[in-house]
Amino acid sequence: MDLRQLRYFCAVVREGHFGRAAASLGIAQPPLTRQIQNLERQLGVGLLHRTQKKFEVTQAGLLLYERARRLLDGADQAEDDVRRLGNGETGRLTVGFAPSNAFTILPPIVARFRETYPDVELELRQLTTSILATSLEAGTLDVALLRPPLSSRSLQIVTLLREPFLALVPSAHRLAARHATQLRRFAGEPFVMYSRAGSPLLHARVMDMCQRAHFSPRIVQYADQIHTVAGFVAAGIGVALAPSTVTRFNMPGLRLLQIAEKPAPLAMAMAWRTGAATGLVRNFTRIAREATTAWQAAQPAVEA
């Protein structure tokens, strides 16, 4: 027996008529009749008791019909499950993200993805950028939202957005009433700085900006995360520089100023292993692009 024969036989029993069964299957009646006869010869038992104008299903035929329907339903379900998994509509996807993503594009991306693919099990892991990269390479993450640049050649990287840098001062600061400031005005000011170990990219970028403005920051406090830096500034500990993610915090006591020198923005990107773009990964990356575009369009403009 094969599945085609079982489908033909079940159609005949279901329709109660060879002509209607053939029409429902999209074939001519003679080939259908031959297939049923072949099935009976293979099994060595009559499945249909034929008279001149009609047929009756034998006990053996009823048993085969019952068992065949289970087999066909299972085959149909297996085919559907495999197809949906291959298309990225089901399965498990592990997504890593940098802490700052939680305040910007991660929520709209996750919301849109879960709405579009409710049968996908989505696991989210918050990690530092360096660990995100090594986890992608090791295969423990499928895709990650992170800050480039990355040194790995085994990862595919797509930039989702670019964030301008802003100057952060306490609300009581002498520059707080300004709309913008030159970085040189921060020379000699107490500085809240990203730690080299916890946020190497931001540490390097801020140090470079200060050096280009011809001063070295007088660091009085270190922190690893953007929201922690912003909190320390709001508390009056010092000044700082941060990407525009900081606008999401709405902290009392914190003032944000444009930077007159317009330093290069900080990219936020998406990465996955080269050659490992499964249906799940392809769907997630597409949704991420769509959600980021929609999110950016809804944000108030932040000058570079």
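Sequence order as written defines residue numbering, which begins from 1 separately in each chain. The predicted origin of the model limits local features to residues at a pLDDT of at least 70 and limits the giving and counting of side-chain atom pairs to 80 or more, whereas totals for whole chains, interfaces and linings rest on all residues. Remark: hydrogens and water are excluded; side-chain values derive from all non-hydrogen atoms of the structure.

Observations concerning helix H3 (residues 29-43)
Secondary structure follows DSSP: runs of H or I at least 4 residues long count as helices, runs of E at least 2 residues long count as strands, and numbering of each begins at the N terminus. Multiply 1.5 Å by the residue count of a helix minus one, and that product is the helix's expected span. Given a rise of 1.5 Å per residue, 15 residues ought to cover 21 Å, and the 21 Å separating the end C-alpha atoms of H3 matches this to within 8%. If you check which residues of H3 are buried, you get Leu32, Gln35, Ile36, Leu39 and Glu40. Here the buried residues of H3 occupy an arc of 140 degrees about the axis, which is enough to place them on one side. Here a residue-residue contact requires only that any non-hydrogen atoms of the pair lie within 4.5 Å. If you follow the buried residues of H3, they end up packed against helix H1 (3-15), helix H2 (18-25), strand S1 (48-50) and helix H4 (59-86). Where H3 terminates, the next one or two residues include Gly44, which has phi positive at roughly 70 degrees. The rule is simple: take the accessible area with a 1.4 Å probe, protein chains only, and divide by the maximum for that residue type; under 20% is buried, over 50% is exposed, in between is partly exposed. Think of the arc as the fan of directions from the helix axis to the C-beta atoms.

Let's talk about the packing of aromatic side chains
Here a ring pair, both rings aromatic, is described through the centre-centre distance and the interplanar angle of the planes. In summary, the pairing rule links any two rings of Phe, Tyr or Trp, Trp by its six-membered ring, whose centres are within 6.5 Å, and it sorts them by plane angle into stacked for under 30 degrees, edge-to-face for over 60 and tilted for everything else. Considering all chains together, one arrives at 5 aromatic pairs under this definition. The interplanar angle of 75 degrees and the centroid separation of 6.2 Å between the aromatic rings of Phe186 and Phe191 together place this pair among those described as edge-to-face. You can call Phe186 buried: its relative accessible area is 0%. Through a chain of ring-to-ring contacts, three or more aromatic side chains come together here, namely Phe113, Tyr117 and Phe284.

Some remarks on the packing of H1 against H3
To define axes, lines are fitted to C-alpha atoms, for helices over the stretch in contact only, and angles between the resulting N-to-C directions are given on a 0 to 180 degree scale. At a closest axis distance of 9 Å, the pairing of H1 and H3 adopts a crossing angle of 110 degrees. The orientation of H1 relative to H3 falls into the category roughly perpendicular. Crossing geometry of H1 relative to H3 is assigned as left-handed. Counted together, Arg4, Gln5, Tyr8, Phe9 and Val12 of H1 and Leu32, Gln35, Ile36, Asn38, Leu39 and Gln42 of H3 form the full contact between these two elements. Under this grouping Gly is polar, as are all residues other than the nonpolar Ala, Val, Leu, Ile, Met, Phe, Trp, Tyr, Cys and Pro and the charged Asp, Glu, Lys and Arg. Counted by class, the contact of H1 with H3 contains 6 nonpolar, 4 polar and 1 charged residues. Throughout, the term roughly parallel applies to angles under 35 degrees, roughly antiparallel to angles over 145, roughly perpendicular to angles from 65 to 115, and oblique to all others. Should the near helix be turned counterclockwise from the far one by less than a right angle, the crossing is left-handed, whereas a clockwise turn marks it as right-handed.

Quick notes on the pattern of salt bridges
When a carboxyl oxygen of Asp or Glu is within 4 Å of a side-chain nitrogen of Lys or Arg, the pair counts as a salt bridge. A complete count under the given rule lists 13 salt bridges for this structure. A salt bridge links Glu121 to Arg92, with the nearest nitrogen and oxygen atoms 2.4 Å apart. Residue Glu121 is located in strand S4 (residues 120-126), and its partner Arg92 is located in strand S3 (residues 91-97); the two are separated by 29 residues in the primary sequence. For Glu121, a relative accessible area of 46% puts it in the partly exposed group. As a salt-bridge pair, Glu123 and Arg125 come within 2.9 Å of each other at their nearest N and O atoms.

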